[in-house]
Amino acid sequence: AVSFNAVAALMQLSMAVVLLAIAPPDDWFSRGVLLMVAAGTVQALQWLLQLYALSRATDITRIIPMMDSFPLVVLIISVAILGEVVTPLKWIAVLFVVGGAILASLSQAIPGERVRLNRPFAAILGAMLGMAVLSVLFKLASEDLAVTQMIGLAWLFAAPVHLVVARLAHAGDDVLAALRSRAAVGSVGLTQLMFLGAFLTGLAAITMGPLSLTTAI
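Given the structure is predicted, the values throughout are model-derived calculations rather than measurements.

**Observations regarding the overall build of the protein**
Along the protein, the regular secondary structure elements total ten helices and zero strands. Counting every position in the protein, which comprises 217 residues, the buried fraction comes to 42%. Looking at the protein alone, contacts between residues at least 24 apart form 86% of all its contacts between residues at least 6 apart. Accessible surface, the protein: about 11600 Å² in total, of which carbon and sulfur atoms supply 71%.

**Thoughts on the nonpolar core**
Met36, Phe138, Met150, Ile151, Trp155 and Leu203 are the most contacted members of the largest nonpolar core, which totals 31 residues. Those elements giving two or more residues to this core turn out to be α1 (2–22), α2 (31–56), α4 (70–82), α6 (119–141), α7 (147–168) and α9 (182–208). For this core, the leading source of residues is α6, giving eight residues. Here phenylalanine 138 is in contact with Met36, Ala39, Met150, Ala154, Phe199 and Leu203, once residues within four sequence places are set aside. Counting eight residues, the second largest nonpolar core, distinct from the first, contains Ala6, Val7, Met11 and Ala166.

**Notes on the side chain of glutamine 43**
Mapped onto the fold, glutamine 43 is located in helix α2. A residue is classified by how much of its surface remains accessible, and glutamine 43, at 11% relative accessible area, is buried. Excluding residues that lie within four positions of it along the chain, glutamine 43 makes contacts with Leu134, Ala154, Trp155, Ala158, Phe195 and Phe199.

**Concerning the packing of α1 against helix α8 (residues 172–180)**
Across the interface, α1 lies against α8 with an axial gap of 9 Å and an inter-helix angle of 60°. In terms of orientation, α1 and α8 fall into the oblique class. In this structure, the crossing between α1 and α8 has a hand that is right-handed. Taken together, the residues of α8 that come into contact with α1 (itself represented by Ser3, Ala6, Val7 and Leu10) are Asp174, Val175, Ala178 and Leu179.

**Describing the packing of aromatic side chains**
One pass over the full model with this rule turns up four aromatic pairs. Note on tryptophan 155 and phenylalanine 199: the rings are 5.9 Å apart at their centroids and 50° apart in plane angle, and the pair reads as tilted. Separated by 44 residues along the polypeptide, tryptophan 155 in helix α7 and phenylalanine 199 in helix α9 bring together distant segments of the chain. You'll find tryptophan 155 and phenylalanine 199 in the same group, each marked buried. Look at phenylalanine 195 and phenylalanine 199: their rings are 5.5 Å apart centre to centre, the planes differ by 15°, and that puts the pair in the stacked class. Of this pair, phenylalanine 195 and phenylalanine 199 are both found in helix α9, four residues apart, which corresponds to roughly one turn of the helix. Each member of the aromatic cluster is reached from another via a ring pair, and the members are Phe138, Trp155, Phe195 and Phe199.

Procedures and definitions
Counting restarts for each chain: residues are numbered from 1 in the order of the written sequence. pLDDT decides what is reported in this predicted model: residues at 70 or higher carry local features, side-chain atom pairs at 80 or more are listed and counted, and totals for whole chains, interfaces and linings draw on all residues regardless. Hydrogens are left out, water is left out, and the side-chain values use all remaining heavy atoms of the structure. Under the DSSP-based scheme used, a helix requires at least four consecutive residues in state H or I and a strand at least two consecutive residues in state E, with every element numbered from the N terminus. Buried means the residue's accessible area, taken with a 1.4 Å probe over protein chains only, is under 20% of the maximum for its type, while exposed means over 50%, and partly exposed covers the values in between. Two residues qualify as a contact provided that any one of their heavy atoms is within 4.5 Å of a heavy atom in the partner residue. Accessible surface area values rest on a Shrake-Rupley calculation with a 1.4 Å probe, where residue burial reflects the displayed protein chains alone. Grouping buried Ala, Val, Leu, Ile, Met, Phe, Trp, Tyr and Cys residues that are joined through side-chain atoms within 4.5 Å yields what is termed a nonpolar core. Throughout, an axis means a line fitted to C-alpha atoms (over the contacting stretch in the case of helices), and angles, computed between N-to-C directions, take values from 0 to 180 degrees. Note on terminology: angles under 35 degrees are roughly parallel, angles over 145 are roughly antiparallel, angles of 65 to 115 are roughly perpendicular, and the others are oblique. We call a crossing left-handed when the near helix sits turned anticlockwise from the far one by less than a right angle, and right-handed when that turn is clockwise. Two rings from Phe, Tyr or Trp (for Trp, the six-membered ring) form a pair when their centres are within 6.5 Å of each other. A pair whose planes differ by under 30 degrees is stacked, one over 60 is edge-to-face, and the rest are tilted.

Printed below as a string of structure tokens:
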């Protein structure tokens, strides 16, 4: 997973350079750029926590529903920081999402062990909070930056985190071997292109609508 992240980070870094070369920010020290410095770091850490949880958990079907409960955190932050007005209907919609996630995670009707209070569980919570914070950072930055600029800047600052982790894990040889493999490069490249499309769609939705509603959907 570490070597995959490093290869993906190199590809994201390349795409970030292209995106920012086409449409660079007007001011590299603006509020939007600084928010994207934070967003890139949070994005990398959130992804690493999620991978750690998935690699240590015995039942993935209990991990994903808990990750999907992050809209509740987003809703609270949106009200407190962004000043969004939450109607009773929005509360009901988000509570349905979160309630379903909790039931899927804890119900004894689903085979498998319950999620225990251990390191993977802490990593799940950290990743969930990271997703919520990341959504808020993108919403705030959308006031100053275009969608492609946000993606480019986020990837520009997320890539070094993955590369440092690969270095600390002594995965340099594995990364070089993956870069020499056409199959590995092609697979990672295709994944990143799909991720780019999903990223563009998600950020476009965040910029157009209330954050509390778009994340719940």
